[in-house]
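So you can see what is in the structure, the chains are spelled out below.
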Amino acid sequence: MKEENPVALAILSLSEVAKMGLMIYFTLSQQSGKTEEQIKAEIPIEWAKFQLRKPETIPEV
Amino acid sequence: MKKKLLLGVVCLGILAFLVGCAGLGLKAYSQMMLEEKSLFLLKQYNKVWDNTFSQTLDPSLTAIQKDEIKAKVLAGVMTIAEVPINPNLTPEQRKIINAKKDGLARLYPLVVAFKTVVDGGGTPSAETEQKILDLIDQLTALGMGV
């Protein structure tokens, strides 16, 4: 029986881990991702929360 | 053997990072929609403002007092002349704070313009966007000086 190359085996197992990682990543992104409409609707609310601060409100030093 | 182990750890680290990013819903700037970008830029601007304002304050103040002063100035109940300034600022530190204030003054209209264009359904020019990002980078780098 031909002996397996340990390096090749390691590369294979690492590529499996990477594949699995990407699958989890895409699944989770889709689950936690909001639709474009949802994001667009939330932006004005977020903007209202964080008013742009005027530069002239920084004290003179 | 050690190398394999190290590779495995690195891979698992990358995996954990990807899962974490996906779970938090974090997106790279380039992947953001224009609306998200405008909010991101606003937050970055405010972060620089916050950092600069804090650097001017007397360090003997407590965190609560500092927050109160910030809130009063933003609400217009306290003028900037009434703000207790750090008396021990060196000329170099003053120079940096003034440079940041100037930078914020240049950045402010650009961020407002970006938002106005996005709100109107348009797309801000890549040049404006780059200018904003460059200015934010410059100001953030200046932040290390004080």
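What counts and what doesn't
- Residues numbered from 1 in each chain as written.
- Chains lettered and ligands numbered in written order.
- Predicted model: local features only at pLDDT ≥ 70, side-chain atom pairs only at ≥ 80, totals over all residues.
- Helix = DSSP H or I, 4+ residues; strand = E, 2+ residues; numbered from the N terminus.
- Expected span 1.5 Å × (residues − 1).
- Buried ≥ 20, exposed ≤ 12 C-beta atoms within 10 Å, placed from the backbone.
- Arc of directions from axis to C-beta.
- Contact = placed C-beta atoms within 7 Å.
- Axes fitted to C-alpha atoms, helices over the stretch in contact; angles between N-to-C directions.
- Parallel < 35°, antiparallel > 145°, perpendicular 65-115°, else oblique.
- Left-handed = near helix turned anticlockwise from the far one by under 90°.

S.K.: Requested: an account of helix α5 (residues 126-142) of chain B, with residues and values cited.
M.R.: All names here are of chain B. The end-to-end C-alpha separation of α5 is 24 Å, in line with the 24 Å expected for 17 residues at 1.5 Å each. Among the residues of α5, Ile 132, Ile 136 and Leu 139 are the ones counted as buried. Buried residues of α5 fall within an arc of 70° about the axis and therefore sit on the same side. Away from the buried face of α5 by more than 90 degrees, exposed residues Ala 126, Glu 127, Gln 130, Asp 134, Asp 137 and Ala 141 are located. Buried residues along α5 sit against α2 (34-56) and α4 (91-119).

S.K.: Quick one: what's the story with the environment of Lys70(B), residue by residue and with numbers?
M.R.: All names here are of chain B. The residue Lys 70 is located in helix α3 (residues 63-75) in this model. Since 19 C-beta atoms lie within 10 Å of it, Lys 70 is described here as partly exposed. In this structure, the C-alpha to C-alpha distance between Lys 70 and Leu 57, residues 13 residues apart in sequence, is 9.7 Å.

S.K.: Give a detailed account of the packing of α4(B) against α5(B), specifying residues and quantitative values.
M.R.: Residue and element names in this part refer to chain B. For the pair α4 and α5, the least separation of the axes is 10 Å and the interaxial angle reads 155°. When the axes of α4 and α5 are compared, the pair comes out roughly antiparallel. The handedness of the crossing between α4 and α5 is left-handed. Every residue of α5 that contacts α4 at Ile 96, Ala 99, Lys 100, Gly 103, Arg 106, Leu 107, Leu 110, Val 111, Ala 113 and Phe 114 is listed here: Thr 128, Glu 129, Lys 131, Ile 132, Leu 135, Gln 138, Leu 139 and Leu 142.

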